[in-house]
Amino acid sequence: MRRHIEFAYLHNFRDLGGYRTRDGRELRWGRLYRSDSLGKLAGPAARADLDRFRELGIRTVIDLRYPWEIEAKGRIPEQDGLAYRNLSIEHRPYDQAEIDPELDPWRYLADRFAEVAEDGAEELREALEVLAAEDGPQVFHCASGKDRTGLLAALVLALLDVPEDVIAADFALTELATDRLVADWHAANPGRTLRWPAYGRAPEEVIRLFLADLTERYGSVHAYAIGRLGIDEELVTRLRDRLLAP
């Protein structure tokens, strides 16, 4: 339960601490979190959730959503000492509720992830730079904390040399929030039909397909980050020094 931090309005807020790298080092607890939309913390009803968020001491928020999503759904309330960055990594919007039910859902999502990895290279590089530069606790999020958030989490964990099985298992933890994510969709879309039966799902196969595709094209996730995102070894070292226990 240390990994899952309970909120009334957030359904998918998790600590990335505790995962081990191939050489046995461990990610520090309380340093890096992933979440669904922190815009849910705005408003009087969410005051207790916002207080709990503040207790975590988070100093940096990276919001991976489109600007129009933020305008429509809101962002984390401004507060002293909290840095906020909007880095929209997805450039080709699509409505998951309207995905053709006849498509292979996991292949479809992996292909969308591949688009983000290419289209959002600049924003992904900036996100990694922020994560490597800031010393205090940080969180990154999208709308559901599933796809865009899952992609960035996978890249970070891979660069830290966390095994793929662990990366895939972390990605699939979103499945614990699927029912609540679906309920949120229905509450926000009265009268609409949810065409895609896999809405809110996040099985391991999606991220495994994505990582395999990235490796096939670039040789490794590390090579992708160096060659396509344009980061350097010094940034990877800083990321490891900041996030891994000695």
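Look up: the structure comes first, before these words.
First, a word on scope: everything that follows refers to the structure included in this document.

**Overview of the sheet that holds strand 2 (residues 32-35)**
1) Next: With mixed pairing, five strands are arranged side by side in an open sheet as 1-2-5-3-4. Edge positions in the open sheet fall to strand 1 (14-15) and strand 4 (83-86), since each of these has one partner strand only.
2) Next: Looking at chain direction, strand 3 (residues 60-63) and strand 4 are connected through four bridges and run parallel. Looking at strand 4, one finds that Thr 60 is bridged to Ala 83.
3) Next: Its contacts with the sheet put helix 4 (residues 121-133) on strand 2, strand 3, strand 4 and strand 5 (138-141), and the angle it makes with strand 3 is roughly 170°.
4) Next: Contacting strand 2 and strand 5, helix 5 (residues 148-159) crosses the sheet at an angle of about 155° to strand 2.

**Thoughts on unusual backbone geometry**
1) Next: A positive phi angle, close to 70°, is found at Asp 161, a residue other than glycine.
2) Next: With respect to the helices and strands, Asp 161 occurs in the loop between helix 5 and helix 6 (164-172).
3) Next: In this structure Asp 161 comes out as partly exposed when scored by relative accessible area, which is 29%.

**Some points on the nonpolar core**
1) Next: In this structure, Leu 128, Val 156 and Leu 239 are the most contacted members of the largest nonpolar core, which totals 58 residues.
2) Next: Listing elements by their share of this core, those giving two or more residues are helix 3 (105-119), helix 4, helix 5, helix 6, helix 7 (178-188), helix 8 (204-218), helix 9 (221-229) and helix 10 (233-243).
3) Next: For this core, the element with the highest residue contribution is helix 5, accounting for eight residues.
4) Next: Counting 14 residues, the second largest nonpolar core, distinct from the first, contains Phe 13, Tyr 33, Phe 53 and Val 139.

**Digging into the packing of aromatic side chains**
For any pair of aromatic rings, the description consists of the separation of the ring centres together with the inter-plane angle of the planes.
1) Next: Summed over the entire model, instances satisfying the criterion amount to nine aromatic pairs.
2) Next: With 5.1 Å between their ring centres and 20° between their planes, Tyr 66 and Trp 68 make a pair best called stacked.
3) Next: Taking relative accessible area as the criterion, Tyr 66 reaches 8% and is therefore assigned buried.
4) Next: Residues Tyr 218 and Tyr 224 carry aromatic rings whose centres are separated by 5.3 Å and whose planes lie at 65° to one another, so their mutual orientation is edge-to-face.
5) Next: Accessibility expressed as a relative area gives 0% for Tyr 224, which makes it buried.
6) Next: An aromatic cluster is built from Phe 7, Phe 13, Tyr 33 and Phe 53, whose rings are joined through pairwise contacts.
7) Next: Positioned above the aromatic ring of Tyr 84, the side-chain terminus of Arg 75 is 3.8 Å from the ring centre.
8) Next: Over the face of the ring belonging to Tyr 108 we find Arg 112, whose NZ or CZ atom lies 4.4 Å from the ring centre.

Rules and cut-offs
The residue numbers shown here count from 1 along each chain, following its written sequence. Local features in a predicted model are, by the rule used here, given only for residues with pLDDT of at least 70; side-chain atom pairs are given and counted only at 80 or more, and totals for whole chains, interfaces and linings are based on all residues. By convention in this description, side-chain values take in all heavy atoms of the structure and omit both hydrogens and water. For two strands to be treated as a pair, DSSP must find at least two bridges joining them. Secondary structure elements are defined from DSSP: runs of H or I of at least 4 residues count as helices, runs of E of at least 2 residues count as strands, and each element is numbered from the N terminus. Contact between two residues is taken to exist if any of their heavy atoms lie within 4.5 Å; hydrogens are not considered. Lines fitted to C-alpha atoms define the axes, with helix axes restricted to the stretch in contact, and inter-axis angles between N-to-C directions lie between 0 and 180 degrees. Residue exposure (1.4 Å probe, protein chains only): buried if accessible area is under 20% of the type maximum, exposed if over 50%, otherwise partly exposed. Grouping buried Ala, Val, Leu, Ile, Met, Phe, Trp, Tyr and Cys residues that are joined through side-chain atoms within 4.5 Å yields what is termed a nonpolar core. Any Phe, Tyr or Trp ring, taking Trp's six-membered ring, that has another such ring centre within 6.5 Å forms a pair; planes under 30 degrees apart are called stacked, those over 60 apart edge-to-face, and the others tilted. Here, a charge over a ring means that NZ of Lys or CZ of Arg falls within 6 Å of the ring centre while also lying within 35 degrees of the ring normal.

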